[in-house]
Every structure is written in structure tokens, then in C-alpha cells.
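A closer look at the structure
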Amino acid sequence: MNIIASNLLTKREEKRLTQAYMAFLSGMSQPNYSDIERGKTRPSIDQLKRFSEILDVSVDELISEVKKQKIPQGRESFNVPKGRQSALLKAIEERDKYIKLLEGQLADLKKK
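Residues numbered from 1 in each chain as written. Predicted model: local features only at pLDDT ≥ 70, side-chain atom pairs only at ≥ 80, totals over all residues. Heavy atoms only, no water.

**Regarding the nonpolar core**
If you look at the biggest cluster of nonpolar residues, it comprises 14 residues, and the most contacted ones within it are L8, M22, M28, Y33, F51, L55 and L62. When residues of this core are traced back to their parent elements, those giving at least two are α1 (3-14), α2 (19-26), α3 (30-37) and α4 (45-55). At four residues, α4 tops the list of elements feeding residues into this core. The contact partners of L55, leaving out residues within four places of it in the chain, are L8, K11, R12, K15, L17, M22 and L62. (Core = buried A, V, L, I, M, F, W, Y, C linked by side-chain atoms within 4.5 Å. Buried < 20%, exposed > 50% of the residue type's maximum accessible area, 1.4 Å probe, protein only. Helix = DSSP H or I, 4+ residues; strand = E, 2+ residues; numbered from the N terminus. Contact = heavy atoms within 4.5 Å.)

Structure representation (C-alpha cells):
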């Protein structure tokens, strides 16, 4: 995935917009927008300008490297793209719940 595609995906998800709605607002079909977001095709300058207006960001933000923010994880830390942090934390919480469920099932099996 290229930088523009990655930035479009991140910014669109931050605004909680679907690909279909983004395509509608941009005046293109959803498959065409999806191809841009997946890096299969590159957007024109006019499309970039339109995307920046819809997402309320500058064109520069769409074409530049995403700034990463560190999230502490115990003693260690790692870089997580801004806008993906809450999804990562939710996934970690879900994983922890699943591990506890499995531990409970294992304890029940050992009792039998």
C-alpha cells in the first residue's frame, strides 16, 4: 500500500466514513475509490483536492508520511499510526477477554 492510500484509509476511518460514502461525496464509483485506497490506482490532483476537502485535511497530509505516536506498553513502547490506537487497544482488550475465557474452560476441564 502506498502512502496516499494508507493516509486516505486512516483519515477516512478517523472520520467514520464508509468507502461508498466517500466515493459518493467524491463523485466517483465505490470500486474506483476502493482501487485508490488500496493503492491499485493513483488519484488525480483534482481528486486529491476533493478528498482533502471531504476529510478536512490538507493535500500535504494525504501525500506525506503519517506521523506515528508512541503508546507505552509496560516498559516497552512501539509506534502506532495516529488514528489506529483505539482499534489496537480494543483488540488487546478482546484478546485478554478471550484468554480469560479459555483459561476458565481449561480449569473446568481439569476438574473433570
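Right, picking up where we left off after that structure.
**A closer look at the confidence of the model for the protein**
Mean pLDDT over the protein stands at 82; residues scoring 70 or higher make up 83%. The least confident element of the protein is strand β1 (residues 68-73), whose mean pLDDT is 51; the most confident is α3, at 94. (pLDDT = per-residue confidence, 0-100.)

**Quick look at the packing of aromatic side chains**
Pairs of aromatic rings are described using the distance from one ring centre to the other and the angle between the two planes. This structure, assessed with the given rule, holds two aromatic pairs. Their ring planes at 25° and their centres at 6.3 Å tell us that Y21 and F24 sit as a pair that is stacked. One end of the pair, Y21, and the other, F24, are both in helix α2, three residues apart, so they sit about a helical turn from each other. Look at Y21 and you get partly exposed, because its relative accessible area is 42%. Given the relative accessible area of 62%, F24 is considered exposed. Centre to centre, the rings of Y33 and F51 are 5.5 Å apart; their planes meet at 85°, and the pair counts as edge-to-face. Here Y33, found in helix α3, pairs with F51, found in helix α4; they are 18 residues apart in sequence, far enough to count as distant. We classify Y33 as buried; its relative accessible area is 0%. (Phe/Tyr/Trp six-rings, centres within 6.5 Å; stacked < 30°, edge-to-face > 60°.)

**With respect to the packing of α2 against α4**
The contact between α2 and α4 brings their axes to 10 Å, and the two run at 120°. Taken together, the axes of α2 and α4 lie oblique to each other. Our pair here, α2 against α4, has a crossing hand that is right-handed. Contacts from M22, L25 and S26 of α2 reach α4 at R50, F51, I54 and L55. Residue composition of the contact of α2 with α4, by class: five nonpolar, one polar and one charged. (Axes fitted to C-alpha atoms, helices over the stretch in contact; angles between N-to-C directions. Parallel < 35°, antiparallel > 145°, perpendicular 65-115°, else oblique. Left-handed = near helix turned anticlockwise from the far one by under 90°. Nonpolar A, V, L, I, M, F, W, Y, C, P; charged D, E, K, R; others polar.)

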